[in-house]
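# A structural walkthrough
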Amino acid sequence: MTTEKPFSQACENNKGPILAVLREHLTKPARLLEVGSGTGQHATWLAQHLPHVQWQPSDVLDNLAGIQLWLNDTPCSNILKPIELDVRHSWPQGPYDALFTANSLHIMSQHSAALCIARGASALSSEGLFMIYGPFNYQGRFTSDSNAQFQQWLQARNPESGIRDAEWVTDTMAQHGLTPVQDHEMPANNRLLVFQRSPAR
Ligand SMILES: C[S@@+](CC[C@H](N)C(=O)[O-])C[C@H]1O[C@@H](n2cnc3c(N)ncnc32)[C@H](O)[C@@H]1O
């Protein structure tokens, strides 16, 4: 079976702004798990620009071959082979100092998004960071007309998909011991939400 190298124009557009935010928060050597790496473009490019971060890409099985094609073309000593991770099933034990996921919580069901937060929190080290990029609603409202249209498109494709409320994410994080650090405004009506696990008592 041959796999064509996947490509996302959105990743090319948002990788620079995402890197700028990750650089602010990832100031020390860290083990990072990326959930839902998709094409692998973020993993390869961000890891190259964050050499002190050991980057572990992951995704559902079908996407691993495509991610590996990006890794083959971008040899980089701080990026590991992609691993299979469906947030509903078993997770690597970690501990990871950081978790990063982009554009995934609105694709998976809200139940899966809650599992992603719960199990991700368990895989984090004390004071570990959980960073989530994508569109979010505030007080139940879309932040733009384009996000409202995006929601219609998402739900026509899969009624369980949908833009999540930032308040719901914050409450779910709190249930698992994570507190908000910063909510970054990003281009194209996206956000990058950063949470931190409380130090072990
Ligand atoms: C829109 S893509 C985003 C990919 C990439 N992070 C990006 O920003 O381009 C959504 C990603 O979420 C992943 N995903 C969806 N459901 C998932 C699940 N249950 N467990 C893990 N990943 C999942 C998909 O496989 C896909 O890679």
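Notes on the structure follow. (Residues numbered from 1 in each chain as written. Predicted model: local features only at pLDDT ≥ 70, side-chain atom pairs only at ≥ 80, totals over all residues. Heavy atoms only, no water.)

## So, the side chain of serine 161
Following the sequence through the fold, serine 161 ends up in the loop between α5 (145-157) and α6 (166-175). The exposure class of serine 161 is buried, given its relative accessible area of 2%. With sequence-adjacent residues up to four places away left out, serine 161 is seen in contact with His106, Ile107, Met108, Leu154 and Gln155. (Helix = DSSP H or I, 4+ residues; strand = E, 2+ residues; numbered from the N terminus. Buried < 20%, exposed > 50% of the residue type's maximum accessible area, 1.4 Å probe, protein only. Contact = heavy atoms within 4.5 Å.)

## Side note on the site of the ligand
As a matter of local geometry, the ligand sits amid 17 residues, with Gly36, Asp59, Asp86, Val87 and Ala102 nearest to it. Asparagine 63 has a polar side-chain atom sitting 3.1 Å from an oxygen atom of the ligand. Protein contact buries 82% of the 590 Å² of open area that the ligand shows by itself. Tallied by class, the residues present in the shell around the ligand amount to seven nonpolar, seven polar and three charged. (Near = heavy atom within 4 Å. Polar contact = N/O pair within 3.5 Å; in protein donor to acceptor, adjacent residues only side chain to side chain. Areas by Shrake-Rupley, 256 points an atom, 1.4 Å probe, with all protein chains shown as cover. Nonpolar A, V, L, I, M, F, W, Y, C, P; charged D, E, K, R; others polar.)

## Section: the environment of asparagine 14
The residue asparagine 14 is located in helix α1 (residues 9-25) in this model. A relative accessible area of 8% places asparagine 14 in the buried class. Put simply, asparagine 14 and arginine 31 are 17 residues apart on the chain and 22 Å apart in space, counted from C-alpha to C-alpha. Excluding residues that lie within four positions of it along the chain, asparagine 14 makes contacts with His42, Asn103 and Tyr133.

## Concerning the pattern of salt bridges
Tallying each qualifying case throughout the model produces four salt bridges. For glutamate 12, the salt bridge goes to lysine 15, with nearest N and O atoms at 2.9 Å. One end of the pair, glutamate 12, and the other, lysine 15, are both in helix α1, three residues apart, so they sit about a helical turn from each other. Judged by its relative accessible area of 15%, lysine 15 falls in the buried class. (Salt bridge = Lys/Arg side-chain N within 4 Å of Asp/Glu carboxyl O.)

## Side note on the packing of aromatic side chains
Inspection of the entire model under this criterion finds two aromatic pairs. On the basis of an interplanar angle of 65° and a centroid distance of 5.9 Å, the ring pair of tryptophan 55 and phenylalanine 100 is categorised as edge-to-face. Pair noted here: tryptophan 55 is in strand β2 (residues 53-56) and phenylalanine 100 is in strand β5 (residues 96-102), with a separation of 45 residues, a long-range link. Summarising the burial analysis for this pair, tryptophan 55 and phenylalanine 100 share the class buried. On the numbers, 5.9 Å between centres and 15° between planes, the contact of phenylalanine 150 with tryptophan 153 is stacked. In this pair, phenylalanine 150 and tryptophan 153 are both assigned in helix α5, three residues apart and thus about one turn of the helix distant. (Phe/Tyr/Trp six-rings, centres within 6.5 Å; stacked < 30°, edge-to-face > 60°.)

## Some remarks on α1
Taking 1.5 Å per residue, 17 residues should reach 24 Å; α1 reaches 25 Å between its end C-alpha atoms and fits that length. At lysine 15, α1 shows its maximal bend, which comes to roughly 40°, and the proline proline 17 appears one to four places after that position. Along α1, the positions that sit buried rather than exposed are Cys11, Asn14, Lys15, Ile18, Leu19, Val21, Leu22 and His25. Where α1 is buried, its residues meet α2 (41-49), β2, β5, β6 (124-134), β7 (178-186) and β8 (190-197). The N-capping residue of α1, defined by a side-chain oxygen 3.4 Å from the backbone nitrogen of alanine 10, is serine 8. (Expected span 1.5 Å × (residues − 1). Bend = angle between axes of the 7 residues up to and from the residue.)

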